[in-house]
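Descriptive analysis of the structure
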Amino acid sequence: MSILPALVTTIMAVAIALVIVLVAFSSRLPQKVRRAVEAVVTIGYPAAVGVFFVVLGLDRYQSGETDAAAGFGVGALLMVLLTVRAIRRQSKA
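Residues numbered from 1 in each chain as written. Predicted model: local features only at pLDDT ≥ 70, side-chain atom pairs only at ≥ 80, totals over all residues. Heavy atoms only, no water.

Here Asp 59 shows up in helix H2 (residues 31-62). The buried category is assigned to Asp 59, whose relative accessible area is 18%. (Helix = DSSP H or I, 4+ residues; strand = E, 2+ residues; numbered from the N terminus. Buried < 20%, exposed > 50% of the residue type's maximum accessible area, 1.4 Å probe, protein only.)

One pass over the structure, following the stated rule, counts 1 aromatic pair. Ring centres of Phe 53 and Phe 72 lie 5.8 Å apart, and the angle between their planes is 50°; this geometry places the pair in the tilted category. Of this pair, Phe 53 sits in helix H2 while Phe 72 sits in helix H3 (residues 66-92), and the two are 19 residues apart along the sequence. Taking the relative accessible area as the measure of exposure, Phe 72 reaches 21% and is therefore partly exposed. (Phe/Tyr/Trp six-rings, centres within 6.5 Å; stacked < 30°, edge-to-face > 60°.)

What follows deals with H3. Taking 1.5 Å of rise per residue, 27 residues should cover 39 Å, and H3 covers 39 Å from first to last C-alpha, within 8% of that figure. Among the residues of H3, Ala 69, Gly 75, Ala 76, Met 79, Thr 83 and Ala 86 are the ones counted as buried. Buried residues in H3 make contact with H2. (Expected span 1.5 Å × (residues − 1). Contact = heavy atoms within 4.5 Å.)

Once that is clear, we can look at H2. Taking 1.5 Å of rise per residue, the 32 residues of H2 would be expected to cover 46 Å, and the 46 Å separating its terminal C-alpha atoms lies within 8% of that figure. When H2 is considered as a whole, its buried residues turn out to be Val 37, Val 41, Pro 46, Val 49, Gly 50, Phe 52, Phe 53, Leu 56, Gly 57 and Asp 59.

What follows is about the nonpolar core. Within the largest apolar cluster, 7 residues are counted, these being Val 8, Val 49, Phe 52, Phe 53, Leu 56, Ala 76 and Met 79. No other element matches the 4 residues that H2 contributes to this core. (Core = buried A, V, L, I, M, F, W, Y, C linked by side-chain atoms within 4.5 Å.)

Further remarks concern the side chain of Thr 83. With respect to the helices, strands and loops of the structure, Thr 83 is situated in helix H3. Its relative accessible area of 11% is what places Thr 83 among the buried residues. Within polar-contact distance, the side chain of Thr 83 engages the backbone oxygen of Met 79 at 2.8 Å. Excluding residues within four positions of it along the chain, Thr 83 makes contact with Ile 43, Pro 46 and Ala 47. (Polar contact = N/O pair within 3.5 Å; in protein donor to acceptor, adjacent residues only side chain to side chain.)

Written out as structure tokens, the structure reads:
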């Protein structure tokens, strides 16, 4: 499963690029596009990274690397909390 770390890194790079686009061009983007990009960054990114952290943690656990598995588990938990927080904030707005 060596492709998963590269995939997580790619997702992180895309999310950073989307944040840069939002910061640099938010006034020029149509409102629908801006909201879609904000949703991808605030909800989609932590959810996707959380899922990949779970998969990486299970892979490490099956390999016998319990410390790495615990680290990925904590990362996945944090990503789930960020996703829930983003969903709650969007539902209030």
